[in-house]
Amino acid sequence: MDGRSKLRRRSGFLCVAVGVLFCARFVGQNVPLMPPKPIAVTAAPPVNNEGAEPVQQLICPGGFPTDLTVLNCSYTGYQRRLTFVSGSLTDQAILLAATGSLVSSAFPSTNSNAITLRNYGLNVAGGYVSSVARGGAEYFVGSLMRDDPRHVSCVNDPRVFYPLDYPPTGGGDPKRYLCTSFKRFMHAVIDSFTVRESQPGLRWLRNDEFERLSKGEQERYLAEYRVLVPHLRRRLFAFDRLIGVYAGAYAQYPFEPADSNSFARVSERAALSFGTTVLGSFYTEYASSIFRHHSKTPGNENVTTGRAQ
Amino acid sequence: MKRKLCFPVSFLALSALVGCMPNKAYRAGMSVVSVPPLPNLPSASPQLPRGGPCLGPLTPSVDAHRVPLPHASGPCLAFLEFDDLGESQVVDASGQAAELNRAKDLVRAAILADPIGQPIVMVFVHGWQHNSSAGPPEDSNIQGFEAVLDSLYRPGGPYAGHVVVGISITWRGALVSPYWPVARVLSYYNREAAAMRVGNTSVTDALMQISAIAHPTGSDANRTQPLLIFIGHSFGGLVLERSLSQAFIRQMDEQVEQRTKSGDLVTPFTKFADLVVYVNPAGASSESKPTLDFLARNGITYQGTRLIGGKPENYPLIVSISTPTDAATTTALKAGHALSGVQFESKGSFRKPDPLTCFDPVAGTVTSDTTQSDWDFWDHSTPHLDALKSHDVLDLGGPKVEGHPETCPHYGTGTPGYDVKPYFVAGHCLAVVPREVAGKPACNRTPYWVMETDPSVLPDHGTIFTTRMIGFIGLFLPTANGDLPTLQFQPPAVPKDTFTGAK
């Protein structure tokens, strides 16, 4: 067995080991036979409704207004783990590696492996190992730097509509908050190369919510979170993505022909891999325009509806 | 060769094992819990300790005087868990469904604790990709249902001042772990079949027992009975519809027979719930068609005392709502049902046309719509099939003054017997209006209302636990008008002619 084969085998075992560490343990069927509890059930009494105000609901970037399930806007540890495992480790990664290799076999380049069944298998394995490496690097670097890798569109970006200076001093030039075509395009580009900050467990307070806090609570909030709106902060370069694409590209080392492992070729693979991030950002920006739904209005409705006679 | 195969085979076997979600009771030890309040401050934890108010001892003084419990602080939630074959997960030594007994106790206690004996009892059935897992993280549908109960209960909420209890009917909607996204999507057919199995005898029994406590026979003239609402989402709508349909039809048939024999057309029917809501139901409309036909054939009406255009106002007993932007019940359902549809078609199982009975309670006419085939009913969910729609939700534009719904455009006051229901969400003045086709009332004017709402209310398949949606569902409750409608029937009529309004 040559050195490259050993490396391939080790990469495979490493992937399986990472998978086993992350996957939930399998629990067998369990139908309990429970004795009834001797405690009787009571219900809570109603609350006093006098002088009450409806609770203001938090709206996260890109979220639907009045969504009651939103308690904070942070990118939690569970979400990060789910993104890594489901996107880079399990069936989706395997499927993408298999189909991606099929597509690349249809368009062979001079530097790629010759088209044989064995090489197709190597390409699939290489694609999968690359996916695990990229996802793993983004997971670990993202966790360390507390990044929120989710893309947002221009209209949903708090940095666009939220005043940077607090309390707002400049007043309002409405044009400042408008997402023009140019602004949207640039936003999609910038959103690919930068990343928002996030800290699990933090809750993004809006101005009116902040105002309702007592003086002491406001001071604690500022001291604890350093800035008024944590999700406003954006890291100028998305290091997790950069490290991720290079980790993925280098992980393909044992599966590529020897002359495809120069730094320039690895960088090419990394750039190609980064393309998916750019596509994701542009999709987030323009999906709402592409799939825009036109509400039913009295004018465009092709059926008549019940008006007063 | 064997060594070469060993690795991929082991990997696939491991994948199959770790991806599977267990078929078990998640809440066996604690089937009734208190709902934690939504955190208002950044330091508050979303996972507050549970227990206390809903598990305290039922003292004689509570029974006798309906005094508030000193330590109570929020709504209560009971879990009814069903297995993959639709049986109760937790049974005691005598074979009784232990969780159901606890849930019934909770409803009884809620009636006693409410100042006027009118608590809200909300029953929710989740859909695909969900279960009753306590986590962490707790299943997102359970979290959402808890948030809804809390928002109804808390000061300023739409049902503040009353006791609020929820009953979550859970099943194994999630077959595959969320860590395996492709396998999860491929579990569609498996879970659709499971939803059909679960929507059966045990769930029907549970719903009827809860209904019997909240709405005992002959209680419908009582203005202060509990407000009982059943809600099913996605495949949960399929579970709920299959569980309720036969029992509902049997209950109605029995009452129609009694009233016909006695000649008593005045005494109202007992209704099993105040409102049944299917939100983005993922079942074919062939599930709802028999109920719609039944209601139309028998002339079942649900009318209040308020007059609209000289006719008593009609209310819904069942509402099926979706949104045009719900890809799951439009595109995915069509794709999912295409193969089985072709099989049915090739074997001659589909009739064309399959007549739909139409009923207009205002004119008192029963007709028939013969424009639809069984294929149409099979590859559309109920709210997305035009022939079944009873109402349209129109966007009239924004208000003249932003944030002031009183400056919204006025659409009209409706047609005789049907009100126009205005609804305002930020930037959108909406109106729920009775549907008309070619100047005539739509085929479906039964108490089973069907509509597609606006995306500003319901943006997609899963975002359902919103204040906007709660307010929208509230439009269909007769309590919003202070009215007390009664479920009755107009003597059955034979179809007179063919309905010509539909396309």
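Keep in mind that this is a model prediction, so the values were computed, not measured. (Residues numbered from 1 in each chain as written. Chains lettered and ligands numbered in written order. Predicted model: local features only at pLDDT ≥ 70, side-chain atom pairs only at ≥ 80, totals over all residues. Heavy atoms only, no water.)

On to the pattern of salt bridges. Scanning all chains against the criterion turns up 23 salt bridges over all chains. For A:Glu268, the salt bridge is made with A:Arg265, and the minimal N-O distance between the two is 2.7 Å. Separated by three residues within a single helix, A:Glu268 and A:Arg265 lie in helix α10 (residues 263–290), roughly one turn from each other. The class for A:Arg265 is buried, based on a relative accessible area of 18%. Across the pair B:Lys271 and B:Asp274 runs a salt bridge whose closest N-O atoms are separated by 3.9 Å. When sorted by exposure, B:Lys271 lands in the same class as B:Asp274, which is buried. (Salt bridge = Lys/Arg side-chain N within 4 Å of Asp/Glu carboxyl O. Helix = DSSP H or I, 4+ residues; strand = E, 2+ residues; numbered from the N terminus. Buried < 20%, exposed > 50% of the residue type's maximum accessible area, 1.4 Å probe, protein only.)

Moving on to the packing of helix α6 (residues 188–198) of chain B against helix α10 (residues 328–346) of chain B. Angle between the axes and distance between the axes: these two values describe a pair of packed helices. Residues and elements named next belong to chain B. Orientation of α6 relative to α10, taken along the N-to-C sense of each, is 85°, at an axis distance of 11 Å. Compared by their axis directions, α6 and α10 come out roughly perpendicular. Facing Tyr-188, Tyr-189 and Glu-192 of α6, the residues of α10 in contact are Leu-333, Ala-335, Gly-336 and His-337. Among the residues making up the contact of α6 with α10, the classes are represented as four nonpolar, two polar and one charged. (Axes fitted to C-alpha atoms, helices over the stretch in contact; angles between N-to-C directions. Parallel < 35°, antiparallel > 145°, perpendicular 65-115°, else oblique. Contact = heavy atoms within 4.5 Å. Nonpolar A, V, L, I, M, F, W, Y, C, P; charged D, E, K, R; others polar.)

The subject of this paragraph is the sheet that holds strand β9 (residues 318–322) of chain B. Residue and element names in this part refer to chain B. Strand order in the open sheet formed by eight strands is β1-β2-β4-β3-β5-β6-β9-β17, and the pairing between neighbours is mixed. If you trace the sheet from one side to the other, it starts and ends with β1 (32–34) and β17 (448–452), each paired once. Each strand axis lies, on average, 20° off the axis of its neighbour in the sheet, ignoring direction. Relative to strand β4 (residues 164–170), strand β2 (residues 76–81) runs parallel, the two sharing six bridges. (Pairing = 2+ DSSP bridges.)

This part covers the side chain of B:Gln488. Residue and element names in this part refer to chain B. As for its position among the elements, Gln-488 is in strand β18 (residues 486–489). With relative accessibility at 17%, the residue Gln-488 sits in the buried group. Excluding anything up to four places from it in sequence, Gln-488 contacts Leu-265, Val-266, Thr-267, Pro-268, Phe-269, Gly-299, Ile-300 and Thr-301.

Moving on: unusual backbone geometry. Residue and element names in this part refer to chain B. The peptide bond linking Lys-352 to Pro-353 adopts the cis configuration, its omega dihedral lying at -5°. Within the secondary structure, Pro-353 sits in the loop between α10 and β10 (356–360). Within the chain, Gln-129 stands out as a residue other than glycine whose phi angle is a positive 70°. By secondary structure assignment, the location of Gln-129 is in the loop between β3 (120–125) and α4 (140–153). In the Ramachandran plot, Asn-280 falls in the positive-phi region, its phi being about 45° despite a non-glycine side chain.

With that settled, the discussion passes to the sheet that holds strand β8 (residues 311–314) of chain B. Residue and element names in this part refer to chain B. Spatially, three strands are ordered β8-β7-β18 in an open sheet, and the strand pairing comes out antiparallel. At either end of the open sheet lies a strand with only one pairing partner, and these are β8 and β18. Across the sheet, the axes of successive neighbouring strands diverge by a mean angle of 60°, strand direction being ignored. Most of the contacts of helix α8 (residues 235–262) go to β18, to which it runs at about 65°, and overall it touches β7 (300–308) and β18.

A separate point is a nonpolar patch on the surface. All names here are of chain A. Nonpolar side chains collect at one region of the surface, where Phe-193, Phe-237, Phe-239, Leu-242 and Ile-243 lie side by side and expose about 400 Å² of accessible area between them. With three residues, helix α9 (residues 239–251) is the single largest residue contributor to the nonpolar patch. Looking at where Phe-237 falls in the secondary structure, it is placed in the loop between β3 (234–235) and α9. (Patch = residues over 30% accessible without salt bridge, like charges linked within 9 Å, V, L, I, M, F, W, Y side chains within 5 Å. Areas by Shrake-Rupley, 256 points an atom, 1.4 Å probe, with all protein chains shown as cover.)

As a further point, take the confidence of the model for chain B. Residues and elements named next belong to chain B. For chain B, the mean per-residue pLDDT works out to 82, and 84% of the residues sit at or above 70. Every residue in residues 40–53 scores below 50 in pLDDT, and together they form 32 contacts with partners more than four places removed in sequence or on other chains. Ignoring residues within four places in sequence, the model shows residues 55–72, a span with pLDDT below 50, making 32 contacts including any to other chains. If you check the scores for this complex, the pTM reads 0.83 and the ipTM reads 0.81. (pLDDT = per-residue confidence, 0-100.)

Looking now at the environment of B:Ser368. Residue and element names in this part refer to chain B. As for its placement among the helices and strands, Ser-368 is situated in strand β11 (residues 365–369). A residue is classified by how much of its surface remains accessible, and Ser-368, at 15% relative accessible area, is buried. Considering only alpha carbons, one finds Ser-368 and Asp-354, 14 residues apart in sequence, at a separation of 9.9 Å.

This brings us to the state of the cysteines. Residue and element names in this part refer to chain B. What the rule picks out here adds up to two disulfides over all chains. Residue Cys-358 pairs covalently with Cys-443 via a disulfide, S to S 2.1 Å. Here the disulfide of Cys-358 and Cys-443 is left-handed, its torsion about the S-S bond being about -95°. Of this pair, Cys-358 sits in strand β10 while Cys-443 is found in the loop between β16 (440–441) and β17, placing the two residues 85 residues apart along the sequence. One exposure class covers both Cys-358 and Cys-443, and it is buried. Shown here is the disulfide that connects Cys-408 with Cys-429, its sulfur atoms set 1.9 Å apart. On the sign convention where negative means left-handed, the S-S torsion of about -75° between Cys-408 and Cys-429 marks this disulfide as left-handed. (Disulfide = S-S within 2.5 Å.)

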